[in-house]
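# Structure at a glance
What follows is each chain in one-letter form.
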2 protein chains.
Amino acid sequence: MSESPVDVLVGKTALSGTWLEPNRLIPGVLFVHGWGSNQGNNLQLARSISRLGCICFTFDMRGHAATSQLHESVTPEENMADVLAAYDLLATHESVDKDAIAVIGSSYGGYLASILTSKRPVDWLILRVPALYRDSDWKKPKAKINREALNAYRDLYLEPDDNRALRACAKFEGDALIVESQNDSVVAHPAVASYSGAFRRAHSMSHRVLDGADHGLTDVHCREAYHHIVSRWMSEMISFAREHQ
Amino acid sequence: MSESPVDVLVGKTALSGTWLEPNRLIPGVLFVHGWGSNQGNNLQLARSISRLGCICFTFDMRGHAATSQLHESVTPEENMADVLAAYDLLATHESVDKDAIAVIGSSYGGYLASILTSKRPVDWLILRVPALYRDSDWKKPKAKINREALNAYRDLYLEPDDNRALRACAKFEGDALIVESQNDSVVAHPAVASYSGAFRRAHSMSHRVLDGADHGLTDVHCREAYHHIVSRWMSEMISFAREHQ
């Protein structure tokens, strides 16, 4: 809140006046969907977050929706470039506060969102069922990555040094929220736990498990619970940021 | 909340993106102080209301603070011109939503604020212990108005047609909040009741009595109770306006 004096002119008389203006902090929120999904799955949550006073941005990664012809050939490295381009569009929006950027990534999108924090300023990071991929798969077509090897990899408890995304999380100094699904048959618990353990320098880290939820949140109540968790967490972060502006 | 599609360019590929932007409704709130007071008495409440996301404006009326040399000569008509000038400054602020203007007036300021609604668009009108003056005193120096006659006038239950301010209230179609002090020795209950009864076309009208309060809210708890009532009422009005934008 800022206060500034101003004169009110009435004929030849100048009266003393004071403007009291609210803080204009408008956070920007980037949504990164998962592999095989699209921005449509993020719109409902994005609407809720937008009502908190944020400017939200969703987009379709290469290999999805209109560019699904690239589904078999697109690599994590290329999708990372997509995320960077979307981030840069959001961060240069004239109304977005560059010191209040949130990224919300699900599964593969959580993996890319984590790596994004090592390449661009991110204040708030929300990872839903974040997936892990071997560093050696970075330039391979995502669709061709061996699923069996990947499942075995996700059964390991990894150290930050073991993985590109975890290394980024270890350096992240903002606030992090991880939301895990209790009955996740795609990303095993050790992978999510490896993410949790990696946030060693974070300003805050919260890890929530959605009871009875599957990887894709097909149950509407689980999806609502997820939206509720994210909305409440974002409200708290925004309130804190506004108070300390 | 608005949604608009946009392309994200990554090299030669265009990805589909969506902006989700919050409503930008920023109400403007004008504070009109009472006779013998000044804008300083409104700053605390203005700060609270500003934190609700409003742009607030306080000012010193002619005859007060820096222009106190005019105290003996200034007329209600001249102070009305001050209020109009302050309103016009607020309403032309580039960020203020012209369809969301509130005016908060105390005592003499409530009298002028009521009349303002007949001269400028006002959506929300808050009158704290609004005073009444005879129409015939309009062009007389305010400080010279016979106090005994005034007290007798304020003991009457008046119809809207009887008074300039009440006529304005009778035509007001926005939301009104009246806050009365239980132990008011300056503005008698019939005067405040005449205001309440005048809002015949209002979208809503609330009348609250502050238990144990005097005219000037010298008791800090009464002042806090008043601030609480106004903040809550304004929050409700703003939420409703944002939802229906």
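It should be noted that the structure appears before, not after, this text.
These numbers were taken from a predicted model, which means no experiment stands behind them.

Procedures and definitions
- Residues numbered from 1 in each chain as written.
- Chains lettered and ligands numbered in written order.
- Predicted model: local features only at pLDDT ≥ 70, side-chain atom pairs only at ≥ 80, totals over all residues.
- Heavy atoms only, no water.
- Salt bridge = Lys/Arg side-chain N within 4 Å of Asp/Glu carboxyl O.
- Helix = DSSP H or I, 4+ residues; strand = E, 2+ residues; numbered from the N terminus.
- Buried < 20%, exposed > 50% of the residue type's maximum accessible area, 1.4 Å probe, protein only.
- Axes fitted to C-alpha atoms, helices over the stretch in contact; angles between N-to-C directions.
- Parallel < 35°, antiparallel > 145°, perpendicular 65-115°, else oblique.
- Contact = heavy atoms within 4.5 Å.
- Nonpolar A, V, L, I, M, F, W, Y, C, P; charged D, E, K, R; others polar.
- Least-squares fit on C-alpha atoms with pLDDT ≥ 70 in both.
- Phe/Tyr/Trp six-rings, centres within 6.5 Å; stacked < 30°, edge-to-face > 60°.
- Lys NZ or Arg CZ within 6 Å of the ring centre and 35° of its normal.
- Buried area = accessible area lost by both parts, 1.4 Å probe.
- Polar contact = N/O pair within 3.5 Å; in protein donor to acceptor, adjacent residues only side chain to side chain.
- Pairing = 2+ DSSP bridges.

### Observations regarding the pattern of salt bridges
Here the structure, examined in full by the defined rule, presents 20 salt bridges over all chains. Ionic pairing is found between A:R47 and B:E3, a salt bridge with its closest N-O pair at 2.3 Å. Of the two residues, A:R47 is situated in helix 1 (residues 43–51) and B:E3 in strand 1 (residues 2–10); the pairing between them involves two chains. A relative accessible area of 28% means that A:R47 is categorised as partly exposed. Among the residues examined, B:E3 registers a relative accessible area of 37% and is labelled partly exposed. Put simply, A:K139 and A:E77 hold a salt bridge, and the shortest N to O gap is 2.9 Å. Here A:E77 lies in helix 2 (residues 76–91) and A:K139 lies in the loop between strand 6 (124–128) and helix 4 (147–153), a separation of 62 residues in the sequence.

### Quick word on the packing of helix 5 (residues 164–171) of chain A against helix 6 (residues 189–198) of chain A
All names here are of chain A. Two elements in contact, helix 5 and helix 6, have axes separated by 8 Å at closest approach and are oriented at 30°. One way to sum up the angle between helix 5 and helix 6 is to call them roughly parallel. Every residue of helix 6 that contacts helix 5 at A165, L166, C169 and A170 is listed here: S194, Y195 and A198. Looking at side-chain class alone, the contact of helix 5 with helix 6 contains six nonpolar, one polar and no charged residues.

### Topic: unusual backbone geometry
Generally, phi is negative for residues other than glycine and the peptide bonds are trans, each holding for most cases. Unlike most non-glycine residues, A:A65 shows phi in positive territory, near 50°. Along the chain, A:A65 falls in the loop between strand 4 (55–59) and helix 2. Residue B:S107 is not a glycine yet carries a positive backbone phi of 55°. Structurally, the position occupied by B:S107 is in the loop between strand 5 (101–106) and helix 3 (108–116). For B:S107, a relative accessible area of 11% puts it in the buried group.

### Notes on the relation of the copies chain A and chain B
Applying a rotation about an axis and a shift along it to one chain copy brings it onto the other copy. The transform that puts chain A on chain B rotates by 180° and translates by 0.1 Å along the axis, for an RMSD of 0.1 Å. As the rotation angle and translation indicate, the two copies are arranged about a two-fold axis. By residue overlap, the copies meet face to face through one surface: 98% of the interface positions of chain A are interface positions in chain B.

### Overview of the packing of aromatic side chains
Here a ring pair, both rings aromatic, is described through the centre-centre distance and the interplanar angle of the planes. Under the criterion given, the structure shown has 14 aromatic pairs over all chains. Centre to centre, the rings of A:W19 and B:F57 are 4.7 Å apart; their planes meet at 50°, and the pair counts as tilted. Taken together, the positions of A:W19 in strand 2 (residues 13–21) and B:F57 in strand 4 (residues 55–59) put the pair across two chains. The exposure classification of A:W19 matches that of B:F57, with both residues buried. Plain terms: the ring middles of B:Y108 and B:Y133 are 5.5 Å apart, the flat faces sit at 80° to each other, and that makes the pair edge-to-face. Of this pair, B:Y108 sits in helix 3 while B:Y133 sits in the loop between strand 6 (124–128) and helix 4 (147–153), placing them 25 residues apart in sequence. The residues B:Y108 and B:Y133 share a single accessibility class, namely buried. Members of the aromatic cluster, joined through ring pairs, are A:W35, A:Y108, A:Y111, A:Y133 and A:W138. Above the face of the A:Y226 ring, A:R128 is positioned so that its terminal group lies 5.4 Å from the ring centre.

### Re the interface of chain A and chain B
Taken residue by residue, the interface counts 45 residues in chain A and 44 residues in chain B. Around 3,400 Å² of area is buried between chain A and chain B when both sides are counted, 66% of it from carbon and sulfur atoms. When the buried surface of chain A facing chain B is broken down by residue, A:L15, A:W19 and A:L20 rank first, second and third, together holding 18% of it. Across the contact surface, chain A and chain B share two salt bridges. Along the contact surface separating chain A from chain B lie 14 residue pairs in polar contact (both at pLDDT 80 or more). Elements supplying a minimum of two residues to the side of chain A that touches chain B: strand 1 (2–10), strand 2, helix 1, strand 4 and helix 2 of chain A.

### Section: the sheet that holds strand 1 of chain A
Judged by pairing direction, the sheet is mixed, and its eight strands sit side by side in the order 1(A)-2(A)-4(B)-3(B)-5(B)-6(B)-7(B)-8(B) without closing on themselves. The open sheet has two edge strands with one neighbour each: strand 1 of chain A together with strand 8 (204–214) of chain B. Taking the axes of each pair of neighbouring strands and ignoring which way they run, one obtains an average angle of 20° across the sheet. In this structure, strand 3 (residues 28–32) of chain B lies alongside strand 5 of chain B, joined through five bridges in parallel fashion. If you follow B:V29 over to strand 5 of chain B, its bridge partner there is B:A102.

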